[in-house]
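Here is what each chain is made of, one letter per residue.
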Amino acid sequence: MSFASSRVWALQQVFRGIKNAKGVFFLALMLASLSLTIPVFVASVLYSLSEPIRAIPVAPEITVFTYQDLNKAQMDNLRERIGRHEHVMKITTIPKDEAFKSLNENLGIKQTSQDKAANPLPDLIIVTLDAQMPAADIERTAKNIEKLKGVSLVAYDSTWLTKLDAISHAISNLGWIFVVITLSLIVCVIAASVRLAADTQKTELNMLYLFGATPSFSIRPYAWRGFLTMGLAAVIAIALSSFATSYLNEALLAVGEQYGTQIAISPLPWQFNAGFIVFCALLGGLIASIITQRAIAKIERFD
């Protein structure tokens, strides 16, 4: 056969195989679609949460309490000396009046002019460090800053970073477990459907082998069928996930109205959806090729 005619024959075999084994094909399609709906839905939720999560400040901060008698020149000099430390990303000065006002507001205390005059707080310096800085380095930097002239004391808490790292590590492990389980389920679904299709058309594979067909020629219809199955399954999974998110958004909207905010799950960008469909289709073609190759190898062994 020529290059074009062999591809046309393979395409005809794809649809003939689907027609002859409609039950197997649609069962595999539905199982794969439901399997893929779970990661797509989870990805939609994570995508919606990614923006507010990125907005959460995770960089460690050291609060520096200065002496009350420092003038502006001394404060500027202290800021400069603090900025010389390694991993210092940002330095913010909070005047004592502003710090006292913020403290009273957080405590629900109405501030008077008399309270303002009796402000016991000094000027504060907030030192923002590198987000990737280890806890030991944070402690060492805080101690070095505390030794500087003009610093009364420093306050910091790095334990939450350790807890955050532990939680992130646990979530990452759960994510990989979820990915492995989902991929394993998909592989089983495609492998089972291709195996059943190969068994139902075992006579055809035997005939192709007897007539000297190359493995690539025999594998092509099954690989294309696996490509088509997983590609359609990805499209259905995206549609099911979109339906689920739109249904859930109605409930989230009602909850958000009770708290005066807007809560919604955003749809995934089309670039992700397109890449997901292509990836799943290629994965289906690859799995189908491997399974069919093993079936042909079995025929060759018993020849």
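Scroll up to find the structure this text is about.
As a starting point, this report considers the structure included with it. (Residues numbered from 1 in each chain as written. Predicted model: local features only at pLDDT ≥ 70, side-chain atom pairs only at ≥ 80, totals over all residues. Heavy atoms only, no water.)

Some thoughts on the nonpolar core
Item 1. Counting 20 residues, the largest nonpolar core has Leu36, Val40, Met230, Phe276 and Cys280 as its most contacted members.
Item 2. Listing elements by their share of this core, those giving two or more residues are α1 (3–20), α2 (22–55), α9 (215–258) and α10 (270–301).
Item 3. Broken down by element, the residue count for this core peaks at 6 residues, all from α2.
Item 4. Setting aside residues no more than four positions away along its own chain, Cys280 makes contact with Leu36, Met230 and Ala234.
Item 5. One finds Val64, Ile82, Ile125 and Ile138 within the second-largest nonpolar core, a separate group that totals 18 residues. (Core = buried A, V, L, I, M, F, W, Y, C linked by side-chain atoms within 4.5 Å. Buried < 20%, exposed > 50% of the residue type's maximum accessible area, 1.4 Å probe, protein only. Helix = DSSP H or I, 4+ residues; strand = E, 2+ residues; numbered from the N terminus. Contact = heavy atoms within 4.5 Å.)

Some words on the layout of surface pockets
Item 1. Approximately 480 Å³ is the volume attributed to the largest pocket.
Item 2. When grouped by side-chain class, the residues that make up the lining of the largest pocket number 17 nonpolar, 4 polar and no charged. (1 Å grid on protein atoms, 1.4 Å probe; cavity = no way out; pocket = protein on both sides within 12 Å on 5 of 7 lines; lining within 4 Å. Points joined across faces, edges and corners; volume = space filled by probe spheres on them. Nonpolar A, V, L, I, M, F, W, Y, C, P; charged D, E, K, R; others polar.)

Description of α1
Think of an α-helix as 3.6 residues a turn; residues three or four steps apart then line up on the same face.
Item 1. End to end, α1 covers 26 Å across 18 residues, agreeing with the expected 26 Å (1.5 Å per residue, within 8%).
Item 2. Taken together, the buried positions of α1 are Ser6, Trp9, Ala10, Gln13, Val14, Gly17 and Ile18. (Expected span 1.5 Å × (residues − 1).)

A few points about the packing of α1 against α9
Item 1. Closest axis-to-axis distance for the α1/α9 pair is 9 Å, and the angle between their directions is 55°. Judged on the interaxial angle alone, α9 and α1 are oblique. Where α1 crosses over α9, the handedness of that crossing is right-handed. Listed contacts from α9 to Ser6, Arg7, Trp9, Ala10, Leu11, Gln13, Val14, Gly17 and Ile18 of α1 are Phe217, Arg220, Pro221, Trp224, Arg225 and Leu228.
Item 2. Classifying every residue of the contact of α1 with α9 by side-chain character gives 9 nonpolar, 3 polar and 3 charged. (Axes fitted to C-alpha atoms, helices over the stretch in contact; angles between N-to-C directions. Parallel < 35°, antiparallel > 145°, perpendicular 65-115°, else oblique. Left-handed = near helix turned anticlockwise from the far one by under 90°.)

Some details on the sheet that holds strand β4 (residues 151–155)
Strand pairing in a sheet is mediated by backbone hydrogen bonds. Such pairs are either parallel or antiparallel.
Item 1. If you trace the 4 strands from one edge of the open sheet to the other, you get β2-β3-β1-β4, paired in antiparallel fashion. In the strand order of this sheet, the two ends are held by β2 (88–94) and β4, each with one partner. Here the strands of the sheet are splayed against their neighbours by 20° on average, with no regard to which way each runs.
Item 2. Where β2 lies against strand β3 (residues 124–129), 6 bridges are found, and the strand directions are antiparallel. By the bridge assignment for β3, Ile94 is matched with Leu124.
Item 3. With respect to the sheet, helix α3 (residues 72–83) is in contact with β1 (61–66), β2, β3 and β4, its orientation differing from that of β2 by roughly 160°.
Item 4. Those strands touched by helix α6 (residues 135–146) are β1, β3 and β4, and its axis lies near 165° from that of β4. (Pairing = 2+ DSSP bridges.)

With respect to unusual backbone geometry
A negative phi angle characterises most non-glycine residues, just as the trans form characterises most peptide bonds.
Item 1. One non-glycine residue, His87, lies in positive phi territory at about 75°.
Item 2. Tracing the chain through its elements places His87 in the loop between α3 and β2.

A word on the pairing of β3
Item 1. Counting buried positions along β3 gives 6 out of 6 residues, so the element sits mostly inside the fold.
Item 2. Both β1 and β3 contribute to a ladder of 5 bridges, which runs antiparallel. Bridge assignment links Ile62 to a residue of β3, and that residue is Val127.

Here's the deal with the environment of Phe178
Item 1. Looking at where Phe178 falls in the secondary structure, it is placed in helix α7 (residues 159–200).
Item 2. Counting along the chain gives 139 residues from Phe178 to Pro39, while the straight-line C-alpha distance between them is 8.4 Å.
Item 3. With residues near it in sequence (within four places) discarded, Phe178 still touches Ile38, Pro39 and Val42.

Some remarks on the packing of aromatic side chains
Ring pairs (aromatic) are described by centroid distance and by the angle formed between their planes.
Item 1. Taken as a whole, this structure holds 2 aromatic pairs when the rule is applied.
Item 2. Arranged with centres 5.2 Å apart and planes meeting at 75°, the rings of Phe25 and Phe26 form a pair that is edge-to-face.
Item 3. A relative accessible area of 43% means that Phe26 is categorised as partly exposed. (Phe/Tyr/Trp six-rings, centres within 6.5 Å; stacked < 30°, edge-to-face > 60°.)

Details of the pattern of salt bridges
Item 1. Within the structure shown, the criterion is met by 4 salt bridges.
Item 2. Residues Asp137 and Arg140 are paired through a salt bridge, measuring 2.3 Å at the closest nitrogen-oxygen approach. With Asp137 and Arg140 both in helix α6 and 3 residues apart, the pair spans about one turn of that helix.
Item 3. Note that Lys143 is salt-bridged to Glu139, the shortest N-O span being 3.4 Å. Highlighted residues: Lys143 and Glu139, both in helix α6, separated by 4 residues, approximately one helical turn.
Item 4. Residue class for Lys143 comes out partly exposed when judged on its relative accessible area of 45%. (Salt bridge = Lys/Arg side-chain N within 4 Å of Asp/Glu carboxyl O.)

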